[in-house]
Amino acid sequence: MGRKPTGRPTSFDIAYLAGVSQPTVSRALRGDRSVSAKTRSKIEKIAAELSYTVDKNASSLRSQRSNTIALLFFEDSTSDNSNINPFFLSMLGSITRECANRGLDLIISFQKMEDDWHVRYQDSHRADGLILLGYGDYTEYEKKLRQLTSQGTHFVRWGSVRADNIGSTVGSDNFGAGEIVGNHLISAGRHKIAFIGEADECYPEFADRYAGLCSALANANIDANPDLVINALTSEEDGYRATKVLLNRTRDFDAVFAASDLIALGVQRALAEAGLTIPDDIALVGFDDLPAASHTNPPLTTISQDLMSGGVALLDALQASIENDAITRRKFPAKLKIRGSSTGRSSTAA
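This report concerns the structure included in the present document. Every value quoted in this text rests on a predicted model; they were computed, and no experiment measured them. (Residues numbered from 1 in each chain as written. Predicted model: local features only at pLDDT ≥ 70, side-chain atom pairs only at ≥ 80, totals over all residues. Heavy atoms only, no water.)

A look at the sheet that holds strand S1 (residues 68–74)
Now for step 1: As summarised here, the arrangement of the six strands in space is S2-S1-S3-S4-S5-S11, forming an open sheet in which the pairing is parallel. What marks the edges here is a single partner per strand, and that holds for strand S2 (105–111) and strand S11 (329–332). The average angle at which neighbouring strand axes cross in this sheet is 15°, direction not considered.
Now for step 2: With five bridges connecting them, S1 and strand S3 (residues 129–133) associate as parallel partners. Pairing of Leu-72 across the sheet is with Leu-132, part of S3. (Pairing = 2+ DSSP bridges. Helix = DSSP H or I, 4+ residues; strand = E, 2+ residues; numbered from the N terminus. Axes fitted to C-alpha atoms, helices over the stretch in contact; angles between N-to-C directions.)

As structure tokens, this is what we get:
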């Protein structure tokens, strides 16, 4: 059971009082999920009673780790010139809280995809691992993920979760979410559904959302019309431009599934300029449930992703990679927030 407490409190003292081993105390105090919640709570309570704090320098010397995680945002085109997708800003809170819970320091860095970010942190030993948010064209991003893997860098990314992913990946069930949107629109009597977003392998999350929509249409014996698919990146301006292209091509559609809320904001503006009302003429659904989604006129029906669980899962996956070289692939279900843009009423559906 270990030695009795003496003098300045140590992890061995906590182990003695908790009736566990010293390594279990160390794992518990850094938030390792391999220690049960009940045991972690007991250890944390004893540590607080003893006014015990982790000596990060000693811990780092023993493990040859910095106890620091680097969170890398990648540039996205935005109307406010911030160049950060607001969806990832929403996720930042859960990641920072979870790092604090685990006694980890967090470096937050803004990167351009074309830069050599994939070698910078490995060479400088500034962080034990990387959390990657955003990526642009996945075909270019994939090359850098392969280099991260080859040089032994620990990382996890938020994105499309597939069997052939490189490294650890956490994300939403984009295909399932696309099916939910398709079923919702079909049940509302909409059969000519346009999709606005890059539905190809350069943007696998968008491609999965469109594939889910097509599955819902097929299950309802409705043919997906490729003429109603217009490419757009995640920005209001791209959503506006793509909707103009769609309207110039055809007005024979009764709903739009926008691959992101930012795109949906642009869709709303373009439809209003064309004299079309939402949802009477065109039903509209977005994706991400950004704060702005509930304040549009009418409020935007959208897909909500589990940001809190996602942030925790990103840290779980990264720590599993750092400690055991484990590869994690975890997918979270999404929920549909039904608002006025698709039916004129509000509710939530899984």
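On we go.
Details of the pattern of salt bridges
Now for step 1: Inspection of the entire model under this criterion finds 15 salt bridges.
Now for step 2: Arg-162 serves as the salt-bridge partner of Glu-201, at 2.6 Å between the closest nitrogen and oxygen. Taken as a pair, Glu-201 in the loop between strand S6 (193–196) and helix H9 (204–219) and Arg-162 in the loop between strand S4 (155–158) and strand S5 (168–172) lie far apart in primary sequence, 39 residues in all.
Now for step 3: Taking relative accessible area as the criterion, Glu-201 reaches 47% and is therefore assigned partly exposed.
Now for step 4: Classification of Arg-162 as partly exposed rests on a relative accessible area of 24%.
Now for step 5: Salt-bridge contacts for Arg-269 lead to Glu-237; the nearest nitrogen and oxygen are separated by 2.8 Å. Here the residue Arg-269 occupies a position in helix H11 (residues 261–273), and Glu-237 occupies one in helix H10 (residues 236–249), the gap between them amounting to 32 residues.
Now for step 6: When its relative accessible area of 46% is taken as the criterion, Glu-237 is described as partly exposed. (Salt bridge = Lys/Arg side-chain N within 4 Å of Asp/Glu carboxyl O. Buried < 20%, exposed > 50% of the residue type's maximum accessible area, 1.4 Å probe, protein only.)

These figures capture arrangement, not role.
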